[in-house]
Amino acid sequence: MPGFLREHSWPIVFSVALHGLLAAALLAATLMSIHSALPTLQPIPVDAVVIDSQVLHAAQHALTERAEQEAARVRAAAEQKAAADAAAAQAVADAQMAAEQQKAAEQAKAAAADVERAKQAEATRVMQAQTQAQKAAAAKHAEDLKRAEDAKRAEDAKRADDAKRADDAKRAADTKQADDAKRAADLKAKAERESELQRQLADEEHRSAVEASPARAQYVARLAARIQNAWIKPPSARAGLDCVVNITQIPGGEVTSAHVSQCNGDAAARQSIENAVYRASPLPAPPDPALFERNLVIHFHPDE
């Protein structure tokens, strides 16, 4: 409001001055009409009643009061018009101020909207930049992982290849060692077999020589004599008893089994011969170890 008054001070002053002049002119016209209503008359000889001066003054006073009331009414009308003009001006000022405030509010709202749009655009730009940075970081991380995995696979492949070469070398060495050991074992076994064969050949030759000598016959005769000395002749045994006894012995001459396979005697005679073999155990040792036989066949023919 003060700004409006400062801005329109001269038109308001001019309006008030103009209304004041109009009121003054109206008042002057009223006074002049009052004075003109009482023109100076030439004395005419008439029959008239003399009016008291007091009555005249009272009439003049009434006219003056009427003029003042009219002037007051004119002033009140002028003041009302001035107030109405001021109210209209105030309304115009208020409307202008409201329009300016609305315009300012709209401008502020538009500015705020621009700021908000700028913020949103900046936030979108920052988000896009962050997204691109995250994508770039993720791509770099994936690339680093791929390189690390490739390096690990290459290292694993190298270790596996080294391990395979070492294992192949070890297997080759083990195979060579096994082959060498097998060849050595084969050579040793062959030598042992040859040695054993030579020993067996020598033993066979020695055994053949010993068996062909009188020593074997003497050894068998000793065995038969030993059994015959241990034999208890049963009552049913007849003269000319002739039996074949199969004897199994172990080194040292201990008899493990005795069985009469062929005999011209009865069961008592057979059993007596087998009992004689067990009683003769241990059997005499041969004069030469080459004459030892695990399984013996003795021809039992006791002397009469």
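Since this is a predicted model, take the numbers as computed values, not measurements. (Residues numbered from 1 in each chain as written. Predicted model: local features only at pLDDT ≥ 70, side-chain atom pairs only at ≥ 80, totals over all residues. Heavy atoms only, no water.)

Trainee: Got a minute to help me understand the overall build of the protein chain in this structure?
Mentor: When helices and strands are tallied, the protein chain shows five helices and three strands. Ordered by position in the sequence, the α and β elements of the protein chain form the string α-α-α-α-β-β-α-β. Per-residue burial over the protein chain gives 16% buried out of 304 residues. Residue pairs at least 24 apart in sequence account for 72% of intrachain contacts in the protein chain once pairs closer than 6 positions are excluded. With an accessible surface of roughly 22300 Å², the protein chain has 61% of that area assigned to carbon and sulfur atoms. (Helix = DSSP H or I, 4+ residues; strand = E, 2+ residues; numbered from the N terminus. Buried < 20%, exposed > 50% of the residue type's maximum accessible area, 1.4 Å probe, protein only. Contact = heavy atoms within 4.5 Å. Areas by Shrake-Rupley, 256 points an atom, 1.4 Å probe, with all protein chains shown as cover.)

Trainee: So what exactly am I meant to see when it comes to the state of the cysteines here?
Mentor: When the sulfur atoms of two cysteines share a covalent bond, that bond is a disulfide. Applying the stated criterion across every chain yields a total of one disulfide. Covalently, Cys243 is tied to Cys263 through a disulfide, its sulfur atoms 1.8 Å apart. Placement of Cys243 in strand β1 (residues 243–249) and of Cys263 in strand β2 (residues 255–263) is noted, with a sequence separation of 20 residues between them. A relative accessible area of 1% places Cys243 in the buried class. (Disulfide = S-S within 2.5 Å.)

Trainee: How should I be thinking about the side chain of Gln249 in this particular structure?
Mentor: Mapped onto the secondary structure, Gln249 falls in strand β1. Residues within four places of Gln249 in sequence aside, it is in contact with Tyr219, Glu254, Val255, Thr256, Leu283, Phe292, Glu293, Arg294 and Leu296.

Trainee: So what exactly am I meant to see when it comes to helix α5 (residues 267–280) here?
Mentor: Since the α-helix packs 3.6 residues into each turn, any two residues three or four apart lie on the same face. The end-to-end C-alpha separation of α5 is 20 Å, in line with the 20 Å expected for 14 residues at 1.5 Å each. Buried within α5 we find Ala269, Ser272, Ile273, Glu274, Ala276, Val277 and Ala280. The secondary structure elements touched by the buried residues of α5 are α4 (214–230), β1, β2 and β3 (295–300). (Expected span 1.5 Å × (residues − 1).)

Trainee: Mind showing me how you'd approach a nonpolar patch on the surface here?
Mentor: Judged by side-chain polarity, Phe14, Leu18 and Leu22 come together as a nonpolar surface patch covering roughly 330 Å² of accessible area. Along the chain, Leu22 falls in helix α2 (residues 9–36). With relative accessibility at 52%, the residue Leu22 sits in the exposed group. (Patch = residues over 30% accessible without salt bridge, like charges linked within 9 Å, V, L, I, M, F, W, Y side chains within 5 Å. Salt bridge = Lys/Arg side-chain N within 4 Å of Asp/Glu carboxyl O.)

Trainee: Even after reading the chapter, I still don't get the sheet that holds β3, so can you show me in this structure?
Mentor: Note: strands within a sheet are paired through backbone hydrogen bonds, in either parallel or antiparallel orientation. The strand order across the open sheet built from three strands is β2-β1-β3, with neighbouring strands paired in antiparallel fashion. Of all strands in the sheet, those bounded by a partner on one side alone are β2 and β3. Sheet twist, expressed as the average angle between the axes of neighbouring strands with direction ignored, equals 20 degrees. The strands touched by α4 within the sheet are β1 and β3, with β3 carrying the most contacts at an inclination of about 65 degrees. Strands β1, β2 and β3 of the sheet are contacted by α5, whose axis makes an angle of about 150 degrees with β2. (Pairing = 2+ DSSP bridges. Axes fitted to C-alpha atoms, helices over the stretch in contact; angles between N-to-C directions.)

Trainee: How should I be thinking about the confidence of the model for the protein chain in this particular structure?
Mentor: Keep in mind that low pLDDT regions are not for reading the predicted coordinates in detail. Averaged over every residue, the pLDDT of the protein chain is 81; residues scoring 70 or more account for 85%. When pLDDT is averaged over each helix and strand of the protein chain, the minimum, 60, is found for helix α1 (residues 2–7) and the maximum, 94, for β1. (pLDDT = per-residue confidence, 0-100.)

Trainee: Can you walk me through the pairing of β3 in this structure?
Mentor: Successive side chains on a regular strand alternate, one facing one side of the sheet and the next facing the other. Burial along β3 is one-sided: Leu296, Ile298 and Phe300 are buried, while Asn295, Val297 and His299, pointing the other way, are not. Where β1 and β3 come together, six bridges link them in antiparallel fashion. Looking at β3, one finds that Val245 is bridged to Ile298.

Trainee: I would appreciate a short explanation of unusual backbone geometry in the present structure.
Mentor: Excluding glycine, residues mostly carry a negative phi; peptide bonds, for their part, are mostly trans. Omega for the bond connecting Ser281 with Pro282 falls within 30 degrees of zero, at 0 degrees, which places this linkage in the cis form. Tracing the sequence through the fold places Pro282 in the loop between α5 and β3.

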